[in-house]
Amino acid sequence: DAGITQSPRYKITETGRQVTLMCHQTWSHSYMFWYRQDLGHGLRLIYYSAAADITDKGEVPDGYVVSRSKTENFPLTLESATRSQTSVYFCASSSPISFFGQGTRLTVV
Amino acid sequence: KNQVEQSPQSLIILEGKNCTLQCNYTVSPFSNLRWYKQDTGRGPVSLTIMTFSENTKSNGRYTATLDADTKQSSLHITASQLSDSASYICVVSPGGGADGLTFGKGTHLIIQP
C-alpha cells in the first residue's frame, strides 16, 4: 500500500537500552521528519532529513540519532533510552504537505 | 519566537451543531497555514492548506479561513458528526521549504450524540 509506515506500533523497553523506530515511505518524498507528541507540548520536531544522507536537528534532538541511507527509509534510534523519552513518535514525509505515519507508542520503564 | 496558539483547548458539542476553532500565530515570515485532524491513536491527516493570498478554503464540511494581517485562522465545522471527534492541529510554515513547521497544541473536539 502507498503511504508512510511506522514500526513497531507499540514498544516497551528498559532504561538504558537501545531502540530503533522504523519509518518507510512509498512516495519518494525528499523531506522526512521525526516528531514526538506529548501532553502539553503538542508535536515537537526531533530530526528531519532533506534528502538521502542529509539530516539535521530539530527542536528536541538530544538522545536521538537518525540516518537516511535510502530516500524511503528514515529510522530513529534512541541510543540509551530514558524515561523522559516515553512518548508517541510520529514520522512524516512532505510534498510539501506533510503526511504522517500512524505513530509508535514507546514506553521506557 | 515562532508560536501557534489554539483555542479552545477542548470543546464538547452536540451532533449536528456547528463549531469554530481558532488559531493565532506569530510565525514570521509566513508561507502557509495547515489544519490537521488527528483521530485518537492515529497520525495527523491534512484537512486544508492555505497560502498568504488565500482567505478561505473548504474541504467538505470543514471550512478554514485565514487573515494574514491579524495572523489568525479559524476552522469551521458544519453539521458536526460523531466522526468529527478528534484533535485539530493548526500548523504554520515560515518558508517555502518543508522544514520549520510550528505546531499548535491542538483543540480536542468531542461530538456527543
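Located above this text is the structure these notes cover.
Residues numbered from 1 in each chain as written. Chains lettered and ligands numbered in written order. Predicted model: local features only at pLDDT ≥ 70, side-chain atom pairs only at ≥ 80, totals over all residues. Heavy atoms only, no water.

S.K.: I'd like a description of the overall build of chain A, backed by residues and values.
M.R.: Per the secondary structure count, chain A includes zero helices and eleven strands. Taking 109 residues into account, the globule formula puts the C-alpha radius of gyration at 13 Å, and chain A, at 13 Å, falls close to it. When the backbone C-alpha atoms are referred to their principal axes, chain A occupies close to 35 × 25 × 25 Å. A buried classification covers 45% of the 109 residues belonging to chain A. Restricting the contact set of chain A to residue pairs at least 6 apart, pairs at least 24 apart contribute 53%. On chain A, roughly 5400 Å² of surface is accessible, and the fraction owed to carbon and sulfur atoms is 48%. Across chain A, the centroid of the 10 positively charged side chains sits 6 Å from that of the 9 negatively charged ones. (Helix = DSSP H or I, 4+ residues; strand = E, 2+ residues; numbered from the N terminus. Rg over C-alpha atoms; globule rule 2.2 N^0.38 Å. Buried < 20%, exposed > 50% of the residue type's maximum accessible area, 1.4 Å probe, protein only. Contact = heavy atoms within 4.5 Å. Areas by Shrake-Rupley, 256 points an atom, 1.4 Å probe, with all protein chains shown as cover. Lys, Arg positive; Asp, Glu negative; His and termini not counted. Charge placed at Lys NZ, Arg CZ, Asp CG, Glu CD.)

S.K.: Run through the side chain of Thr-102 of chain B, naming residues and quoting values.
M.R.: Residue position: Thr-102 of chain B is located in strand β10 (residues 102-103). Those residues in contact with Thr-102 of chain B that lie beyond four places of it in its chain are Asn-2, Gln-3, Val-4, Val-27, Cys-90, Val-91 and Val-92 of chain B.

S.K.: Outline the layout of surface pockets, listing residues and values.
M.R.: Its volume calculated, the largest pocket comes out at about 770 Å³. Lining the largest pocket are 30 residues, and of these Gln-37, Asp-38 and Leu-39 of chain A together with Gln-38 and Ser-87 of chain B lie nearest its centre. Of all the secondary structure elements, the ones that give two or more residues to the lining of the largest pocket are β4 (31-38), β9 (87-94) and β11 (104-108) of chain A together with β1 (4-7), β9 (86-93) and β11 (107-112) of chain B. Split into classes, the residues belonging to the lining of the largest pocket amount to seven nonpolar, 16 polar and seven charged. Reported here for the second largest pocket is a volume of approximately 450 Å³. Forming the boundary of the second largest pocket are 17 residues, of which Glu-59 of chain A together with Lys-1, Asn-2, Thr-102 and Phe-103 of chain B lie nearest the centre. Put simply, the parts of the chain that give the lining of the second largest pocket at least two residues each are β5 (42-51) of chain A together with β1 and β10 of chain B. Top contributing element to the lining of the second largest pocket by residue count: β5 of chain A, with three residues. Taken together, the residues of the lining of the second largest pocket break down into six nonpolar, six polar and five charged. (1 Å grid on protein atoms, 1.4 Å probe; cavity = no way out; pocket = protein on both sides within 12 Å on 5 of 7 lines; lining within 4 Å. Points joined across faces, edges and corners; volume = space filled by probe spheres on them. Nonpolar A, V, L, I, M, F, W, Y, C, P; charged D, E, K, R; others polar.)

S.K.: Tell me about the packing of aromatic side chains, and please be specific about residues and values.
M.R.: Under the criterion given, the structure shown has twelve aromatic pairs over all chains. Judged by centre distance (5.0 Å) and plane angle (45°), the rings of Trp-27 of chain A and Phe-99 of chain A are tilted. Note that Trp-27 of chain A is positioned in the loop between β3 (19-25) and β4 and Phe-99 of chain A in strand β10 (residues 98-100), a separation of 72 residues in sequence. Consider the rings of Phe-33 of chain A and Tyr-35 of chain A, whose centres lie 5.9 Å apart with planes at 25°: the pair is stacked. Both residues of the pair, Phe-33 of chain A and Tyr-35 of chain A, count as buried. Among the aromatic residues, ring-to-ring pairing joins Tyr-31, Phe-33, Tyr-35, Tyr-48, Phe-90 and Phe-100 of chain A together with Tyr-36 and Phe-103 of chain B into one connected group. (Phe/Tyr/Trp six-rings, centres within 6.5 Å; stacked < 30°, edge-to-face > 60°.)

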